[in-house]
Structure formats: C-alpha cells, structure tokens
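Coordinate inspection notes
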Amino acid sequence: MDDTRQMDIEAAKSGIRAYVSQHAGRGDFCDDLNLFDAGLVNSLFVIELMTFIEKSFCVKIEMNDLDMENFESVNAMAALLRKKGI
Amino acid sequence: MLAAEMLSAEESDLRCKLQGFASDVLANGAQSWDIAQALPVEALQRCGAVGYFGAMLPKKFGGLGWGALEYGLLNEAIGAHSVSLTGVINVQNMVAQSILKWGNIDQQDEWLPRLASGELLSAFALTEPGAGSDIEAISTTIVDDGDHLVIEGLKTWITFGDRAGLFLVIGKLAGKSTAVLVERHAAGLETTPHSNMIGFRASHLGQVRFDQCRIPKSHILGRPGIAFPFVVPYALDLGRLNIAFAALGMLRTCLEMCGEHVLGRETFGGRLISHATISALLADMGVDFSACEAVCIGCANVRDKGALNAMDATMIAKYFVTRAASKHVQNAIQIMGAQGCHEGSPLARFMGDAKTMEIIEGSNQIHQMILGPRFAALHRKKRSVASQANSLNDELDTIASLS
C-alpha cells in the first residue's frame, strides 16, 4: 500500500473513531474492539454506521456488504472502505 | 405559531392544501369509521388518487417524490382527523420505502407502481405474540425449499393486517433474520381482525397466520441476515416520522376544539378562558404544540438535508410529540367536560390513539433506553471525550477532502 493510501485509511479510521466516540460517549477504545459485544453501541446503531460511511466517504454500501462483521470495529469498517477503493 | 415561520411560502401553501383535503375527506367521517372499526374504500381511493400512498416514492414509480417535510405535513393534516388513516398511510410508506431501499429492480418494478397508486395496500408484519419491542425473540420461521420458501408463524397487532394485499414479513431463515414479501393470495396465509382496540380502531389491525405458507424464493427482500440490523430499523425510523406528525395533528385539533370552547362558554359570570386554571391548561397546551411543531419541522428538515443525526432527531420527535399529545388529549377532555367524554367526541377517540402512539414504532420506554445513553454521551463529550478524540467536525472535514 502506498503512503498516500495508508494516510487516507488512517484519516478514515480517525473519522470513524470520532463518530463512534460521539455516540458511545468515550474514545478510549482500540480499533480492533468489537463495538457491539463491548456494549459501546447497540445493534440498532449499525444502520447509522452504514449511513455514516456512505455519506462521509461517498461510497455505496452494497447488499453483500451488509454484514454485522463489516461494522463491528473501526478496523472492520476501515477494511470495508479499503475494499471500496478508499 | 412560532415554528410555522420555519416553513417557506410554498411549504405553507402545501400545508393549507393538505389540511383542506383532510377536512373535505375526513372531517365528517372519521368518528363513525372508528366506531364502525373500518375505513371506507372511498376514503382510501381518494388518498390513492392523489398519490398519498406513494408520497415518498420517486416519480418514476408513480410516487409524488416528496421529502420528509411534505410527508410529515400530510400526516399532520390527516392525523388531525383520523389517526387510523395515518396508520394505513404509515405502513404503506414503510413497506414501499423498504422495497425501494432493499429490493432489487424486479421487485421494485413489480410492486412499487401499485403501492404508489394505492391499487395495492400493504402491511408491515413484524410483531408476534411473544415478540414486540424485543424483535430478536421473533419465532416465525422461513424454510428454504428449492425455488420456494415455506413460512410458519403468527403475527399479531398488524396495522391493516386484515385487509392488506401485500405483507412485508420478518422471520428467521436458518437462524438469520430475513424479510420476505408475501401476497395475500399466497397459499397458507390467513388473517383475522383484532376488534375493539382502544386506538387506531379503524386501521384494520389483524392477526396474520402463516401455515406452511409457500412463496417464491425471489420474494426475499435483500438477503437473509439483514432484517434485524437493517430492514426493520430503517422502516421503523420512517414510521416514527409519521407518528410524530400525526400526533402533532391530533394536538392541533385539541387546541382548536378547546380554543372554541373556552372562548364561547360562560361560567361564573365570565368566559371559561378567564379562569386562571383553564388558562393555564391552554397555555401549556399551546406552548407544547408550538414546541412540538418546531421539533417535527426541525426533524423533517434534518432528514431532508441527509444529516447523520436524522434517526436521533426522529426518535426525539416521536417521543416528545406523542408524550405531549397523550398529556394534552387528557387535558382537553378535562376542559371540555362531559362533551369530551362521549364516543361521539374526537377527543375520546384521541385518548386511545394517543396512548397507542406511545407504544407503537418502538415504545417510548425503548426510546428512553436509546436516547438516555445518547444524551449522556453527547454531553459527556463536551467535557471530556473531546479531549480523547479529535473534533468530529475536523475529522469530517478531513474525510471530505479525501472524497
């Protein structure tokens, strides 16, 4: 991965982290933490994460992307964005 | 009063037009419909003819292409007379928007034009005897059988369930939450009415039984596994917008009826409004109506802008306005006295409707469970989380520069 792309992904992760922090009321979680299992957010929040990712990164979440696993952690969402070419 | 200033001239004109339609079509019939526990076909046809059943669908499917505000104002206008009818409009738009969001092109072409025209009316079959707010407890099963699916289960308290031609049914396929579209004529589907409800009495609530009900496999909406996390919350979110505005309409009727009564009725040598206790009730009602109007219009604007907090805004609106409506319907009856206590009064009808609105599309207790932590998190952020994470706006600016 080139430096520019790595930087983009880091910026994306930072944005995702900030959005989750805003809703969870805390920012002291690692990027691998399963946000749902840890109780930081409940399962209803996944559709908001989907909307956040679509609108913030101008990507289309396709039917095959609609797995909880793709939204369960900051790293999982970053991986989804990488798949989308971010 | 105040929030009306938030509307453009065009939006205010639409609001007047919608209220005129509602008065023409509903004012004289709504009371008798609830007593009879049935909506007349003519009223449904009139709503269909002007496109209200596909209000938010794109024009290419025969819809009106409305946004949240126009749709909200429609529900306010109709809710002022018949909450039962707003219930039918609600489930129709929930199903239509679900097909638009999650359906494939074939499903959209097959069902959306008929839903938009009102030729086909629909129901959202989620609740079960053992699963209300806790949707994960749903026990309806969907079994893969070659080119078909076989549904087994019982849905209850389904708005328009006794009349709908199309059902969006939530069940589990191999343990995965799944949404399927089931037509009324499907073999093994049977409906029975729920009579004598305290609210939404003319909404044709029904029980829907699936007894080895066979449907084509192509009727899966989206794919297995997405119903609980995606399809259901998306539909309920739209439902909450409907409920908030319908409750606003109900509140407006309370004010109108009470206003006329307290200015016209003489007691103890003066008009009713001259008594401080009555004035206080009217003041509370008017202030809450104004606040509800602002919350509803603000919520609709947030949705129409595509803001990220639209779901929160809609939950706030549903919670706030239904709570206010429930309180002020009771106060309105207190002001009207015996005149409000008879089944011929809209207020008596509204009392059951308002209570029901605090329960449906996520009970207000569920709203508290979600909104409480949200507000706590938001306010905590102002003090400390901001120091743990960078400002969200800064992050979003960075993201915007990347995209």
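Rules of the game
- Residues numbered from 1 in each chain as written.
- Chains lettered and ligands numbered in written order.
- Predicted model: local features only at pLDDT ≥ 70, side-chain atom pairs only at ≥ 80, totals over all residues.
- Heavy atoms only, no water.
- Helix = DSSP H or I, 4+ residues; strand = E, 2+ residues; numbered from the N terminus.
- Rg over C-alpha atoms; globule rule 2.2 N^0.38 Å.
- Buried < 20%, exposed > 50% of the residue type's maximum accessible area, 1.4 Å probe, protein only.
- Contact = heavy atoms within 4.5 Å.
- Areas by Shrake-Rupley, 256 points an atom, 1.4 Å probe, with all protein chains shown as cover.
- Lys, Arg positive; Asp, Glu negative; His and termini not counted.
- Charge placed at Lys NZ, Arg CZ, Asp CG, Glu CD.
- Expected span 1.5 Å × (residues − 1).
- Patch = residues over 30% accessible without salt bridge, like charges linked within 9 Å, V, L, I, M, F, W, Y side chains within 5 Å.
- Salt bridge = Lys/Arg side-chain N within 4 Å of Asp/Glu carboxyl O.
- Phe/Tyr/Trp six-rings, centres within 6.5 Å; stacked < 30°, edge-to-face > 60°.
- Buried area = accessible area lost by both parts, 1.4 Å probe.
- Polar contact = N/O pair within 3.5 Å; in protein donor to acceptor, adjacent residues only side chain to side chain.
- Nonpolar A, V, L, I, M, F, W, Y, C, P; charged D, E, K, R; others polar.

Check the secondary structure of chain A and you find three helices and zero strands. Its C-alpha radius of gyration of 12 Å places chain A within 12% of the 12 Å reference for a compact globule of 86 residues. Each principal axis of the C-alpha atoms in chain A carries an extent, and together these give about 35 × 30 × 20 Å. Every one of the 86 residues in chain A was classed for burial, and the buried ones make up 55%. Nonlocal contacts in chain A, meaning residues at least 24 apart in sequence, comprise 55% of its contacts between residues at least 6 apart. Accessible surface, chain A: about 3700 Å² in total, of which carbon and sulfur atoms supply 45%.

If you tally the helices and strands in chain B, you get twelve helices and ten strands. At 22 Å, chain B has a C-alpha radius of gyration in line with the 22 Å of a compact globule built from 403 residues. The dimensions of chain B, computed from C-alpha atoms along their principal axes, are 80 × 60 × 40 Å. Per-residue burial over chain B gives 55% buried out of 403 residues. A separation of at least 24 residues holds for 75% of the contacts in chain B among residues at least 6 apart in sequence. Total accessible area on chain B is roughly 16500 Å²; 54% of this is exposed by carbon and sulfur atoms. For chain B, the distance from the average site of its 33 positive side-chain charges to the average site of its 40 negative ones is 4 Å.

A word on helix α2 (residues 46-57) of chain A. Residues and elements named next belong to chain A. Compared with an ideal rise of 1.5 Å per residue, which puts twelve residues at 16 Å, α2 spans 16 Å between its outermost C-alpha atoms and is within 8% of the ideal. Counting buried positions along α2 gives ten out of twelve residues, so the element sits mostly inside the fold. Positive backbone phi, approximately 50°, marks C58, located one or two places after α2.

Right, let's talk about a nonpolar patch on the surface for a bit. All names here are of chain B. A contiguous nonpolar surface patch, about 220 Å² in accessible area, is contributed by I316, F375 and L378. In this structure, L378 sits in helix α11 (residues 364-388). Its relative accessible area of 32% is what places L378 among the partly exposed residues.

Residues other than glycine seldom take positive phi values, yet A:C58 does so here, at roughly 50°. Along the polypeptide, A:C58 turns up in the loop between α2 and α3 (74-83). One non-glycine residue with positive phi stands out, namely B:Q212, at about 50°. With respect to the secondary-structure elements, B:Q212 resides in strand β7 (residues 206-216).

Attention now goes to the side chain of B:S203. Its location among the elements puts B:S203 in the loop between β6 (189-193) and β7. Excluding anything up to four places from it in sequence, B:S203 contacts B:S84, B:G87, B:V88, B:T159 and B:F160.

All right, on to the pattern of salt bridges then. For the structure shown, the criterion picks out 19 salt bridges over all chains. In this structure, A:E10 engages A:K13 in a salt bridge whose closest nitrogen and oxygen atoms are separated by 4.0 Å. Taken together, the residues span about one helical turn, with A:E10 and A:K13 both in helix α1 (residues 3-24) at a distance of three residues. Taking relative accessible area as the criterion, A:E10 reaches 35% and is therefore assigned partly exposed. For B:E256, the salt bridge goes to B:R252, with nearest N and O atoms at 3.2 Å.

What follows is about the packing of aromatic side chains. All names here are of chain B. Within the structure shown, the criterion is met by eight aromatic pairs over all chains. Between F21 and Y52 the ring centres are 5.0 Å apart and the planes differ by 85°, which places this aromatic pair in the edge-to-face class. With F21 in helix α1 (residues 9-26) and Y52 in the loop between α3 (41-49) and α4 (68-79), this pair connects stretches of sequence that are 31 residues apart. Overall, F21 belongs to the buried group, its relative accessible area being 12%. Assessed through its relative accessible area of 5%, Y52 is described here as buried. Relative to Y234, the ring of W102 lies with its centre 5.6 Å away and its plane at 80°, an arrangement referred to as edge-to-face. With W102 in helix α5 (residues 83-102) and Y234 in helix α7 (residues 227-264), this pair connects stretches of sequence that are 132 residues apart.

At the interface, 35 residues of chain A touch 31 residues of chain B. Both faces considered, chain A and chain B share a buried interface measuring about 2900 Å² in area, 67% of it formed by carbon and sulfur atoms. It is A:Q22, A:I47 and A:M63 that lose the most area in chain A upon contact with chain B, and together they represent 21% of the buried surface on that side. Applying the counting criterion to the chain A and chain B interface returns two salt bridges. Note that A:E48 and B:R374 form a salt bridge whose closest N and O atoms lie 3.1 Å from each other. Counting every contact that joins chain A to chain B gives five residue pairs in polar contact (both at pLDDT 80 or more). Here the residues of the side of chain A that touches chain B sort into 16 nonpolar, eleven polar and eight charged.

Once that is clear, we can look at helix α9 (residues 310-336) of chain B. Because an α-helix completes one turn every 3.6 residues, residues spaced three or four positions apart along the sequence face the same direction. Residues and elements named next belong to chain B. Taking 1.5 Å per residue as the helical rise, α9 with its 27 residues ought to reach 39 Å, and the 37 Å between its terminal C-alpha atoms agrees with that figure. With 21 of 27 residues buried, α9 is to be regarded as a mostly interior element. G337 sits one or two positions beyond α9 and adopts a positive phi of about 65°.

Attention now moves to the environment of B:A294. Mapped onto the elements, B:A294 comes out in helix α8 (residues 276-304). Beyond its immediate sequence surroundings of up to four residues, B:A294 is in contact with B:A3 and B:M6.

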